Each structure stands twice: as C-alpha cells, then as structure tokens.
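Spelled out from the first residue to the last, the chains are:
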Amino acid sequence: MNEDSKLYDDNADQITLTLEDGSELVCDVIAIFPVDGKNYIALLPQGDDPDTEIFLYRFEQKGEDDVDLINIEDDEEFDAVSDAFDELLDNAEFDEMFEE
C-alpha cells in the first residue's frame, strides 16, 4: 500500500453529502489515496443496504475540517481511480491474510 494511501476502520471519519434534491447522506470514509498526483476519497453511505455503491471523488483539503469533493467527470480518470481503489482493497485483503 502506498504510504499516502489510508484505509479506514469501523471508527472511520464521516462526511455528509448534500444531494441534488437537498437531502443529506452520511457516508463513512473508506480510503483516501493518490492517483497521478491528485488525491481521491472513497465513501460508503451508512445503512444496511448490501447493494450500496461506493462513491469516488477527487479530494482537496481546504483546512483542518474543510474539504472539497469534486465529481470525476472524465471516464479515463474514473477508470484509473477505480482501478487504484480496487488495488488498494486487494492489497489490504492480502495484508490481512498474513496478519492472522
């Protein structure tokens, strides 16, 4: 795992997203990781729905408690970020096998 990458545990930080309809969605931070010199964040909406999708955003820290989440509009960028996140998860699972 890259030293700039971080997977979070069950006591993860949370971010509240404001959706287009004005409703709010509380998400757990799963990981923050770099791709091509930019930082990205993976968010998992809270709840019991097993089909919940993970949200990926470009991530910019604006202060200690202030962040900007930027939608990934470009398909190539999204594919690269998605692949990096999948690799991050695969590495974490591999590491867990040897910690037991």
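## Some remarks on the side chain of Glu77
The residue Glu77 is located in helix H1 (residues 75-99) in this model. What Glu77 contacts, discounting residues up to four positions off in sequence, is Tyr40, Arg58 and Ile72.

## So, the pairing of strand E3 (residues 24-35)
The side chains of a regular strand alternate, first on one face of the sheet and then on the other. Of the strand pairs in this sheet, strand E2 (residues 14-18) and E3 are connected by five bridges, and their pairing is antiparallel. By the bridge assignment, Ile15 is partnered in E3 with Cys27. Where E2 hands over to E3, the hairpin turn is made up of five residues, of which Gly22 adopts a positive phi near 90°. In the sheet, E3 pairs with strand E4 (residues 38-45) via eight bridges, with the strands oriented antiparallel. Residue Phe33 lies in a different strand from E4, and its bridge partner there is Tyr40. Linking E3 back to E4 in an antiparallel pair, the connection comprises two residues, with Asp36 at a positive phi of about 50°.

## Here's the deal with the pattern of salt bridges
Under the defined criterion, the tally for this structure stands at three salt bridges. Here Lys62 makes a salt bridge to Glu60, at a shortest N to O gap of 3.6 Å. Across the pair Lys62 and Asp68 runs a salt bridge, and its minimum N-O distance is 3.8 Å. A residue is classified by how much of its surface remains accessible, and Lys62, at 47% relative accessible area, is partly exposed. Taken together, the salt bridges that share partners define one network made up of Glu60, Lys62 and Asp68.

## Focus: the nonpolar core
Membership of the largest hydrophobic core is limited to eleven residues, which are Ile30, Ala31, Phe33, Val35, Tyr40, Ala42, Leu56, Ile72, Val81, Phe85 and Leu88. When contributions to this core are tallied by element, the ones reaching two or more residues are E3, E4 and H1. Counting nine residues, the second-largest nonpolar core is a separate cluster that includes Leu17, Cys27, Ile32 and Leu43.

## Here we look at the environment of Leu56
Tracing the backbone through its elements, the reader meets Leu56 in strand E5 (residues 55-61). On a C-alpha basis, the gap between Leu56 and Ala31 in space is 9.6 Å, while along the polypeptide they are 25 residues apart. The contact partners of Leu56, leaving out residues within four places of it in the chain, are Phe33, Ile41, Ala42, Ile72, Phe78, Val81, Ser82 and Phe85.

How each quantity is defined
- Residues numbered from 1 in each chain as written.
- Predicted model: local features only at pLDDT ≥ 70, side-chain atom pairs only at ≥ 80, totals over all residues.
- Heavy atoms only, no water.
- Helix = DSSP H or I, 4+ residues; strand = E, 2+ residues; numbered from the N terminus.
- Contact = heavy atoms within 4.5 Å.
- Pairing = 2+ DSSP bridges.
- Salt bridge = Lys/Arg side-chain N within 4 Å of Asp/Glu carboxyl O.
- Buried < 20%, exposed > 50% of the residue type's maximum accessible area, 1.4 Å probe, protein only.
- Core = buried A, V, L, I, M, F, W, Y, C linked by side-chain atoms within 4.5 Å.

Shape is all these values report; function is a separate question.
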